[in-house]
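Chain and residue survey
In case you want the letters, here they are:
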Amino acid sequence: MSGLREKHRADRDRRIIEAAAVLFRQSGYEGAKIETIAAEAEVSVGTIYNYYRNKGDILVAIVSMEVNEVLNAGRGVVAMPPTNVADAIDTLIGIYIDHSLIYLSKAMWRQAMATSTQQPDSPFGKTYAALDRGLTDQTCELVERLRALGLVRQEVDVRAAGEIVFNNMNMMFTEFVKDEAMPIAMLRAAIRRQNTILVGAIKA
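A quick note: this is a predicted structure, and the numbers were derived from the prediction, not measured.

1. A few points about the overall build of the protein
The helix and strand tally for the protein stands at nine helices and zero strands. For the protein, the sequential pattern of α-helices and β-strands runs α-α-α-α-α-α-α-α-α. Each principal axis of the C-alpha distribution contributes one length, and for the protein these read about 60 × 45 × 30 Å. Each of the 204 residues in the protein was classed as buried or not, and the buried ones make up 45%. Considering only residue pairs separated by 6 or more positions, the protein has 71% of its internal contacts joining residues 24 or more positions apart. Looking at the protein as shown, the accessible area adds up to about 10,500 Å², and 54% of this sits on carbon and sulfur atoms. Computed over 24 positive and 25 negative side-chain charges, the separation of the two mean positions in the protein equals 1 Å.

2. Re the side chain of Thr-139
Structurally, Thr-139 is set in helix α7 (residues 123-148). Setting aside chain neighbours within four positions, we find Thr-139 in contact with Leu-92, Tyr-96, Gly-162, Val-165 and Phe-166.

3. Topic: the nonpolar core
By size, the foremost hydrophobic cluster in this structure holds 67 residues, and its most contacted members are Phe-24, Ile-37, Ile-58 and Ile-62. Counting residues per element, this core draws most heavily on helix α4 (residues 55-79), at twelve residues. Ile-62 has contacts with Ile-17, Ala-20, Ala-21, Phe-24, Tyr-103, Leu-104 and Met-108, leaving out every residue within four places of it along the chain.

4. Here's the deal with the pattern of salt bridges
All told, the structure shown has eleven salt bridges when counted by the stated rule. A salt bridge links Arg-159 to Asp-137; the nearest nitrogen and oxygen atoms lie 2.9 Å apart. Highlighted residues: Arg-159 in helix α8 (residues 158-178) and Asp-137 in helix α7, separated in sequence by 22 residues. Since its relative accessible area comes to 36%, Arg-159 is described here as partly exposed. Of the residues examined, Asp-137 reaches a relative accessible area of 31% and is grouped as partly exposed. Here Lys-178 ties to Glu-175 by a salt bridge, and the two come within 3.2 Å at their closest N and O atoms. Separated by three residues within a single helix, Lys-178 and Glu-175 lie in helix α8, roughly one turn from each other. A single network of salt bridges, built from pairs that share partners, joins Asp-90, Asp-98, Arg-188 and Arg-192.

5. With respect to helix α9 (residues 184-202)
The end-to-end C-alpha distance of α9, which contains 19 residues, comes to 26 Å, matching closely the 27 Å that a straight helix rising 1.5 Å per residue would cover. Along its length, α9 shows its largest kink, about 30 degrees, at Thr-196. Structurally, α9 contributes buried residues whose contacts are with α5 (85-98), α7 and α8.

6. Quick word on unusual backbone geometry
Even without glycine at this site, Glu-42 takes up a positive phi of about 60 degrees. In this fold, Glu-42 is placed in the loop between α2 (34-41) and α3 (45-51). What makes Glu-42 exposed here is its relative accessible area of 66%.

7. Notes on the environment of Ala-190
Take Ala-190: it is sitting in helix α9. By relative accessible area, Ala-190 is classed as buried at 15%. For the pair Ala-190 and Ala-20, spaced 170 residues apart in sequence, the C-alpha separation works out to 32 Å.

8. Points about the packing of aromatic side chains
Throughout the structure, instances matching the rule amount to five aromatic pairs. With 5.8 Å between their ring centres and 35 degrees between their planes, Phe-173 and Phe-176 make a pair best called tilted. Here Phe-173 and its partner Phe-176 are both found in helix α8, three residues apart, which amounts to about one turn of the helix. Taken together through their ring pairs, the aromatic side chains of Trp-109, Phe-173 and Phe-176 make up a single cluster. Positioned above the aromatic ring of Phe-176 is the side chain of Lys-106, whose terminal nitrogen or guanidinium carbon lies 3.9 Å from the ring centre.

Rules and cut-offs
Residues numbered from 1 in each chain as written. Predicted model: local features only at pLDDT ≥ 70, side-chain atom pairs only at ≥ 80, totals over all residues. Heavy atoms only, no water. Helix = DSSP H or I, 4+ residues; strand = E, 2+ residues; numbered from the N terminus. Buried < 20%, exposed > 50% of the residue type's maximum accessible area, 1.4 Å probe, protein only. Contact = heavy atoms within 4.5 Å. Areas by Shrake-Rupley, 256 points an atom, 1.4 Å probe, with all protein chains shown as cover. Lys, Arg positive; Asp, Glu negative; His and termini not counted. Charge placed at Lys NZ, Arg CZ, Asp CG, Glu CD. Core = buried A, V, L, I, M, F, W, Y, C linked by side-chain atoms within 4.5 Å. Salt bridge = Lys/Arg side-chain N within 4 Å of Asp/Glu carboxyl O. Expected span 1.5 Å × (residues − 1). Bend = angle between axes of the 7 residues up to and from the residue. Phe/Tyr/Trp six-rings, centres within 6.5 Å; stacked < 30°, edge-to-face > 60°. Lys NZ or Arg CZ within 6 Å of the ring centre and 35° of its normal.

Bear in mind that shape data such as this cannot, by itself, settle questions of function.
Set out below in structure tokens:
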């Protein structure tokens, strides 16, 4: 019985998050109303407040859903990476970038980034930072896996190399969300060009 209740709870939560993602895109973060989210999710306003304290909590839940999905997809790359270092890194980064606009618009990303910067010690800020750490860790795991396969030189500091890859991607992604006109293909090409230097320095 408790399992059924948990399933219903998870279903309601998913409906709330998906409805909010659509409305944030359509009306903007500020313009979307909790009442409208509740109506679209087919739940009561009270139910939303049982799950979330405010719209900021809903936004970070959308970010969490997005990041957790790419982390799940990234595990497959880490487990069985392409046998070329550049291709392996590009494949993982591609998962992160290509998935980024499925649930969130650029405007939503800007709101999330601004909130996490302005309120770093808030639950939102801490959750956002933890998600970034998860992506950083996975990038480092990929470099470590490539070293174990003999594709990266043994003396390479895999943690530092992974952090450089992720931090550069993160910086470029910030530029991407600031520019409404920039397409994903341009972002991918810029990151790929920059990673060429690092790959040349670490590959066996």
